[in-house]
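Next come the chains, spelled out residue by residue.
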Amino acid sequence: MSEHKLNLKLMIWKQSGPDVKGKFQEYKVSVSPDSSFLEILDDLNDSLERSNKEPVTFESDCREGICGTCGLVINGLPHGPLSRIATCQLHMRHFKDGDTVYVEPFRANTFPVIKDLMVDRSALDRIMHAGGFISINTGGVPDANEIPIPKEISSFAFDAAACIGCGACVAACKNSSAMLFVSAKVSQFALLPQGQPERYQRVEKMIKVMDEEGFGACSNTYACEAECPKGISVKNIARLNREYIKAKVKSHNLD
Amino acid sequence: MSWFFRSLDSSIGKKILMALTGLFLILFLMIHLAGNLALFKNDGGLAFNNYSSTLRSLPVIPILEIGLGLGFLLHIIQGVRLWWLNRSARSEKYKINTPSKGSSIFSRTMVYTGSITFIFLVIHLRSYWYTVITEGHEVDLFNLVKTSFQDPVYSGFYIVAMALLGFHLNHGFQSAFQTFGWNHVKYFPFIQKAGTLYAILMAVGFASMPVYFLLGGQ
Ligand code: HEM
Ligand code: SF4
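Residues numbered from 1 in each chain as written. Chains lettered and ligands numbered in written order. Predicted model: local features only at pLDDT ≥ 70, side-chain atom pairs only at ≥ 80, totals over all residues. Heavy atoms only, no water.

Colleague: How do you make sense of the packing of aromatic side chains when you look at a structure like this?
Modeller: Think of a pair of aromatic rings as described by two things: how far the centres are apart, and how the planes are tilted against each other in angle. Residue and element names in this part refer to chain B. By the definition in use, this model includes 25 aromatic pairs over all chains. For the pair Phe28 and Phe72, a centre-to-centre distance of 6.4 Å together with 80° between the ring planes defines the contact as edge-to-face. Linking Phe28 in helix 2 (residues 11-36) with Phe72 in helix 4 (residues 60-88), this pair joins segments that are 44 residues apart in sequence. Phe28 gets classed as partly exposed once you look at its relative accessible area, which sits at 22%. You can call Phe72 buried: its relative accessible area is 19%. Between Phe106 and Phe167 the ring centres are 5.1 Å apart and the planes differ by 70°, which places this aromatic pair in the edge-to-face class. (Phe/Tyr/Trp six-rings, centres within 6.5 Å; stacked < 30°, edge-to-face > 60°. Helix = DSSP H or I, 4+ residues; strand = E, 2+ residues; numbered from the N terminus. Buried < 20%, exposed > 50% of the residue type's maximum accessible area, 1.4 Å probe, protein only.)

Colleague: Help me out: how do you make sense of the coordination of the iron atom of ligand 1 in this one?
Modeller: All names here are of chain B. The iron atom of ligand 1 binds to the protein through His75 (NE2) and His168 (NE2), with metal-donor distances spanning 2.0 Å. What the 6 donor atoms of the iron atom of ligand 1 show is an angle range of 88 to 179° at the metal, which sorts the shape as octahedral. Remark: His168 occurs in helix 8 (residues 152-180) and His75 occurs in helix 4; sequence separation between them is 93 residues. Comparing His75 with His168, the two get one shared label, buried. (Donors = N, O, S within 2.8 Å, 3.2 Å for Na, K, Ca; no water. Tetrahedral: all angles 85-135°; square planar, octahedral: opposite > 155°, others 65-115°.)

Colleague: Help me understand the pattern of salt bridges, please; the structure alone is not making it clear to me.
Modeller: All names here are of chain A. Tallied over the full model, the rule gives 17 salt bridges over all chains. Note that Lys14 and Glu54 form a salt bridge whose closest N and O atoms lie 3.1 Å from each other. Highlighted residues: Lys14 in strand 1 (residues 6-14) and Glu54 in the loop between helix 1 (37-50) and strand 3 (73-74), separated in sequence by 40 residues. The class of Lys14 is buried, set by a relative accessible area of 12%. Across the pair Glu213 and Arg126 runs a salt bridge, and its minimum N-O distance is 2.6 Å. Here Arg126 lies in helix 2 (residues 122-131) and Glu213 lies in helix 6 (residues 199-213), a separation of 87 residues in the sequence. (Salt bridge = Lys/Arg side-chain N within 4 Å of Asp/Glu carboxyl O.)

Colleague: Sorry, what's going on with the site of ligand 1 here?
Modeller: Around ligand 1 sit 25 residues, and of these A:Ser219, B:His75, B:His168, B:Ser175 and B:Thr179 come closest. Residue neighbours of ligand 1 fall on chains A and B, so the site bridges chains. Measuring from an oxygen atom of ligand 1, one finds a side-chain N or O atom of B:Lys15 at 2.8 Å. With respect to ligand 1, the side chain of B:His75 contributes an N or O atom lying 2.8 Å from a nitrogen atom. Looking at the shell around ligand 1, the elements with two or more residues in it are helix 2, helix 4, helix 6 (110-135) and helix 8 of chain B. If you tally residues by element for the shell around ligand 1, the top one is helix 2 of chain B, at 7 residues. (Near = heavy atom within 4 Å. Polar contact = N/O pair within 3.5 Å; in protein donor to acceptor, adjacent residues only side chain to side chain.)

Colleague: I'm lost on the nonpolar core in this one. Help?
Modeller: Soluble globular proteins: nonpolar side chains tend toward being buried together. Within the largest apolar cluster, 77 residues are counted, with the highest numbers of intra-cluster contacts made by A:Ile127, A:Val182, A:Ile207 and A:Phe215. If you tally residues by element for this core, the top one is helix 8 of chain B, at 10 residues. Of the domains in this structure, domain 1 (6-115) and domain 2 (122-251) of chain A are the two that each give at least three residues to this core. Discounting residues that sit within four places of it in the chain, A:Ile207 has contacts with A:Met179, A:Val182, A:Leu240, A:Tyr244, B:Ser11 and B:Ile12. A:Leu8, A:Val29, A:Leu41 and A:Leu48 belong to the second-largest nonpolar core, a separate cluster that totals 28 residues. (Core = buried A, V, L, I, M, F, W, Y, C linked by side-chain atoms within 4.5 Å. Domains from an automatic or database assignment. Contact = heavy atoms within 4.5 Å.)

Colleague: Please clarify how the packing of helix 6 of chain B against helix 8 of chain B should be interpreted in this entry.
Modeller: Residues and elements named next belong to chain B. Look at helix 6 against helix 8: their axes get within 9 Å of each other, and the N-to-C directions meet at 135°. Considering the angle they form, helix 6 stands oblique to helix 8. Considering how the two elements wind past one another, helix 6 and helix 8 form a crossing that is left-handed. Two secondary-structure elements touch here, helix 6 through Met110, Thr113, Gly114, Ile116, Thr117, Ile119, Phe120, Ile123, His124, Ser127 and Tyr128 and helix 8 through Tyr154, Phe157, Tyr158, Ala161, Met162, Leu164, Leu165, Phe167, His168, His171 and Gly172. Per-class residue counts for the contact of helix 6 with helix 8 are 14 nonpolar, 8 polar and no charged. (Axes fitted to C-alpha atoms, helices over the stretch in contact; angles between N-to-C directions. Parallel < 35°, antiparallel > 145°, perpendicular 65-115°, else oblique. Left-handed = near helix turned anticlockwise from the far one by under 90°. Nonpolar A, V, L, I, M, F, W, Y, C, P; charged D, E, K, R; others polar.)

Colleague: Just checking my understanding: could you explain the interface of chain B and chain A for this structure?
Modeller: It is common to give the size of an interface as the accessible area that goes away when the parts come together. Across the boundary between the two partners, chain B contributes 39 residues, which contact 47 residues of chain A. Approximately 3600 Å² of surface area, both sides summed, lies buried where chain B meets chain A, with 52% of it carried by carbon and sulfur atoms. Broken down residue by residue, the surface that chain B buries against chain A is led by B:Ile12, B:Arg90 and B:Tyr94, which jointly contribute 18%. Counting across the interface, chain B meets chain A through 0 salt bridges. The interface formed by chain B and chain A contains 32 residue pairs in polar contact (both at pLDDT 80 or more). Counting residues per element, the side of chain B that touches chain A draws most heavily on helix 8 of chain B, at 6 residues. Tallied by class, the residues present in the side of chain B that touches chain A amount to 10 nonpolar, 21 polar and 8 charged. (Buried area = accessible area lost by both parts, 1.4 Å probe.)

Colleague: What am I meant to see in the confidence of the model for chain B here?
Modeller: For chain B, the average pLDDT comes to 96, and 100% of its residues sit at 70 or higher. Model confidence for the complex: the whole-complex pTM is 0.96, and ipTM, which rates the interface, is 0.95. (pLDDT = per-residue confidence, 0-100.)

Structure below.
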């Protein structure tokens, strides 16, 4: 371990509740380049608590890039300046001594701030409840390879299923659109045989809830793809558009 | 509202309308540019005025004009509506704005390049279309175009507007294909390049007309 330390000025967004005005608060920290971004926040909170000051509220869970909980906007970019990682996988060696680092919550009306850097992303769950599942009736366990699926198709479905639901696509989008998220969820089922029975009602229902929640529309700026920790491709959004058009032409739903 | 209009008013539906009207306008621009190349004939405007009066005498033109007007209207109303709805989805803006590496400046400025195009359109229609409509067939359209383009201020605005229209088209062309769901490894890179080429051709093509008369073209 190197003795070398980085002195940083952290400008962290502090906001005591959803409908209160927030502002940046300055914290001076001295950190190891080997620390992760979340670890320096842990250390900061530790020292704040020791001196009886209020800690910074932020979310994290698995700390290995697969749960999608640790959404922070660092210097204007969701999950920080590197691509294809979650905030927990960002290490301080990517910052320079003397840097000022701005930390904001994911901002979108659909993601109200709970406190400081913690936002409520349950709007994404409500989209999932509308159709992001397949229904399997009880019975015997089906054989794993009973239904043949071409390798290419299963790979596309798997790539889409890599979405961890972190909401960085919404945070990165100038329209706060959730199209990348929804496109991943729709694609992973639309591509596979198990997703066929509910294929068209799924996409209709998920888009309906997406619109009702107040997410913006897609302007095809492709910022989402660049900021997505899992590299979900905007080709999924094209597929979502196709699925939606097909559903609207084919389904018997008159809504 | 029937299912049809409700679907068209969904977030994806709104974009489909943008893409349909956008592609229609893209087609129109090509025909408009091709026809106007008659300006360069160097015959004192004979070819251009002939082209213009032939167009005017075709009975299908008023119908196409209404279609074109509707196309523009739908595209503009829907574009401004989308811009407003989309920006209202984030009331509290980011304090630090770092443009994502993934998104082009063209894609993020569609409403601005579109609005300049709209202002241009109003001036453009007032200069030529309105004169022809009110003064009838006798008007020497070539002369009107020539004298207006000899004014450096008018021509300057025209050239800037065409450059910005090029920005709009550069993003818009491929964006429309993505909206229809036509994004495929095999042909999407080609569509993106074709869109850039198209945008350059339109911007340079239309801007070459004021440049031609500014430089003393007859
Ligand atoms: C000849 C003129 C024009 C052409 C050929 C054109 C073409 C296009 C095309 C192809 C798109 C992409 C649609 C999509 O993303 O699926 C687009 C988007 C757009 N256009 Fe135009 N356009 C023109 C004029 C205008 C005008 C006058 C406005 C006025 C405000 C405008 C505003 C917009 C906006 C805001 C978008 C982005 C919509 C979004 O993605 O959210 N356009 N245009
Ligand atoms: S698409 Fe990417 S950025 Fe969006 S929620 Fe899924 S993993 Fe996160």
